[in-house]
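# Coordinates in review
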Amino acid sequence: MSVSIVILVGGTTPEGNAEHRYLVNAFLERFDEQVTRVITAEPVRRSFGTRLKRMLKRGDFVERFARLRYPGGYGPDPADLQRLLEPGQDTAVMSGGERRCHLPSHNGPECQALLEADKPDVIVVYGTPIIRENIFDKAGIVTLNMHTGLSPWYRGDSTLFWPVYHDEPEKLGVTVHQLVESVDGGAIAATAAVHYEPGDREADLFAKGVKAGTALYLDCVAAALDGSIAYHAQDLSIGREFRWKDRTVAAERRVLANLARWEQSGS
């Protein structure tokens, strides 16, 4: 009996980001022709007005002034992730060949029609905008998501950043869970730790999370296909869902200070 795995990945470019390509390559290597479709979508393009509203939501005047002066950016440097996850790779190309489809949206009618035609056993999701029920309910067995954070403690955005902010290296980790409507709220299939080493910066921790999470994800999909996968419900009363607007300049500076202190202590 043939098996169908469909992968939905996001990214800020049509070819995805380094972390998305890393995951797709690992799935193609492990499952080969069982991966019947790799679906990417047009990156979200926000109007100037929307970007202005988002900026205003991020904080008060002091925060906005600090952001204008602050040389750092939001999240790990893409060039660092490229170096860590795709060393020696000069051209950013999403794998999949003829199995790769690029659509306007992962939630649109084109994607829904493809999934209804493919009838996938497992849908693999990573790094996309929120996937709606009309898409994730098309899996014959399960739709899974990889979250680069340790659920339920750290859900939402920048979830390998916030354990550093809160001085909790033991809560650096990744999660594979069932995909449901609530953000990172589905029943957990498995988790894995991300281990800090002196000298690590946010990009290093994120790349470690992608690698650990991808290895975990491969095993979870194999278990889903052979019927041995098990889940446990999350207790959403513990932990927190972080939003993009929580990541202020003050938060970024605190993370840099904590990483410097961790490095100095050799923890």
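Remember, it's a predicted structure, so these values are computed and weren't measured experimentally.

## Describing the overall build of the chain
Summing up its helical and strand segments, the chain has nine helices and nine strands in all. Taking as baseline every contact in the chain between residues at least 6 positions apart, the subset at least 24 positions apart corresponds to 75%. In the structure as shown, the chain presents an accessible area of about 13100 Å², 53% of it carried by carbon and sulfur atoms.

## Overview of the environment of A223
As for its placement among the helices and strands, A223 is situated in helix α8 (residues 202-226). A223 gets classed as buried once you look at its relative accessible area, which sits at 16%. Once the C-alpha coordinates of A223 and A189 are considered, the two residues, 34 residues apart in sequence, prove to be 9.7 Å apart. Leave out the neighbours within four places in its chain, and A223 touches S228 and I229.

## As for the sheet that holds strand β7 (residues 173-178)
Overall, mixed pairing links the seven strands, which are arranged β3-β2-β1-β4-β5-β7-β8 in an open sheet. Both edges of this open sheet fall to β3 (100-103) and β8 (188-193), since each of them pairs with a single strand only. Taking each pair of neighbouring strands and ignoring which way they run, the sheet shows an average axis angle of 20 degrees. The sheet contact formed by strand β2 (residues 35-41) and β3 spans four bridges and is parallel.

## Some points on the pairing of β7
Of all the six residues making up β7, five are buried; the element is thus mostly covered by neighbouring parts of the structure. Where strand β5 (residues 142-147) meets β7, four bridges bridge the pair, whose relative direction is antiparallel. Its bridge partner lying in β7, N145 is registered against H177. Here β7 runs beside β8; their pairing, made up of five bridges, is antiparallel. For G173, the partnering residue across the bridge sits in β8 and is A193.

## Topic: the packing of aromatic side chains
If you walk through the whole model with that rule in mind, you get seven aromatic pairs. The cationic tip of R247 hangs over the ring face of F161; the distance from NZ or CZ to the ring centre is 4.0 Å. Taking the ring centre of Y165 as reference, the NZ or CZ of R254 above it sits at 4.1 Å.

## Looking at the side chain of T175
As for its position among the elements, T175 is in strand β7. A polar contact is formed between the side chain of T175 and the backbone oxygen of G149, at a distance of 2.7 Å. At a separation of 3.0 Å, a polar atom in the side chain of T175 contacts the main-chain amide nitrogen of S151. In this view, T175 contacts N145, M146, H147, G149, L150, S151, I188, A190 and T191; residues no more than four positions away in its chain are not counted.

## Topic: the pattern of salt bridges
Tallied over the entire structure, the rule returns 16 salt bridges. The shortest N-O distance in the salt bridge between R37 and D118 comes to 2.8 Å. Of the two residues, R37 sits in strand β2 while D118 sits in helix α5 (residues 109-118), which places them 81 residues apart along the sequence. In the salt-bridge network here, residues are joined through shared partners; they are E197, D200 and K208.

## Re the nonpolar core
Proteins that are soluble and globular tend to have nonpolar side chains buried together. Ranked by internal contacts, the top residues of the largest apolar core, which has 52 residues, are I7, L23, F27, V124, Y217 and V221. Considering every element that reaches this core, the biggest residue donor is α8, with twelve residues. Among residues more than four places away in sequence, those in contact with V124 are I5, V6, I7, L8, L23, F27, L144, Y217 and V221.

## Overview of α8
Here α8 spans 36 Å end to end across 25 residues, near enough to the 36 Å set by a 1.5 Å rise per residue. G227 occupies a position one or two residues after α8 and carries a positive phi of about 85 degrees.

## Considerations on helix α1 (residues 18-31)
Relative to the 20 Å expected for 14 residues at 1.5 Å per residue, α1 spans 20 Å between its end C-alpha atoms, a close match to the ideal helical length. The element α1 is extensively covered by neighbouring structure, given that ten of its 14 residues are classed as buried. All of the buried residues in α1 are A18, E19, H20, R21, L23, V24, A26, F27, L28 and F31. Contact partners of the buried residues in α1: β1 (5-9), β2, α4 (78-85), β4 (122-126), β5 and α8.

## Some points on unusual backbone geometry
What is expected of a backbone is that most residues other than glycine have negative phi and most peptide bonds are trans. A cis amide bond links S151 to the next residue, P152, at an omega of 0 degrees. Within the secondary structure, P152 sits in the loop between β5 and β6 (154-156). At K119, a position not held by glycine, the phi torsion is positive, near 50 degrees. Relative to the elements of secondary structure, K119 occurs in the loop between α5 and β4. Exposure remark for K119: the relative accessible area of 61% places this residue in the exposed category. The residue S158 is not glycine, and still its phi comes out positive at about 55 degrees. By the element assignment, S158 lies in the loop between β6 and α7 (162-165).

Reading the values: the criteria
- Residues numbered from 1 in each chain as written.
- Predicted model: local features only at pLDDT ≥ 70, side-chain atom pairs only at ≥ 80, totals over all residues.
- Heavy atoms only, no water.
- Helix = DSSP H or I, 4+ residues; strand = E, 2+ residues; numbered from the N terminus.
- Contact = heavy atoms within 4.5 Å.
- Areas by Shrake-Rupley, 256 points an atom, 1.4 Å probe, with all protein chains shown as cover.
- Buried < 20%, exposed > 50% of the residue type's maximum accessible area, 1.4 Å probe, protein only.
- Pairing = 2+ DSSP bridges.
- Axes fitted to C-alpha atoms, helices over the stretch in contact; angles between N-to-C directions.
- Phe/Tyr/Trp six-rings, centres within 6.5 Å; stacked < 30°, edge-to-face > 60°.
- Lys NZ or Arg CZ within 6 Å of the ring centre and 35° of its normal.
- Polar contact = N/O pair within 3.5 Å; in protein donor to acceptor, adjacent residues only side chain to side chain.
- Salt bridge = Lys/Arg side-chain N within 4 Å of Asp/Glu carboxyl O.
- Core = buried A, V, L, I, M, F, W, Y, C linked by side-chain atoms within 4.5 Å.
- Expected span 1.5 Å × (residues − 1).

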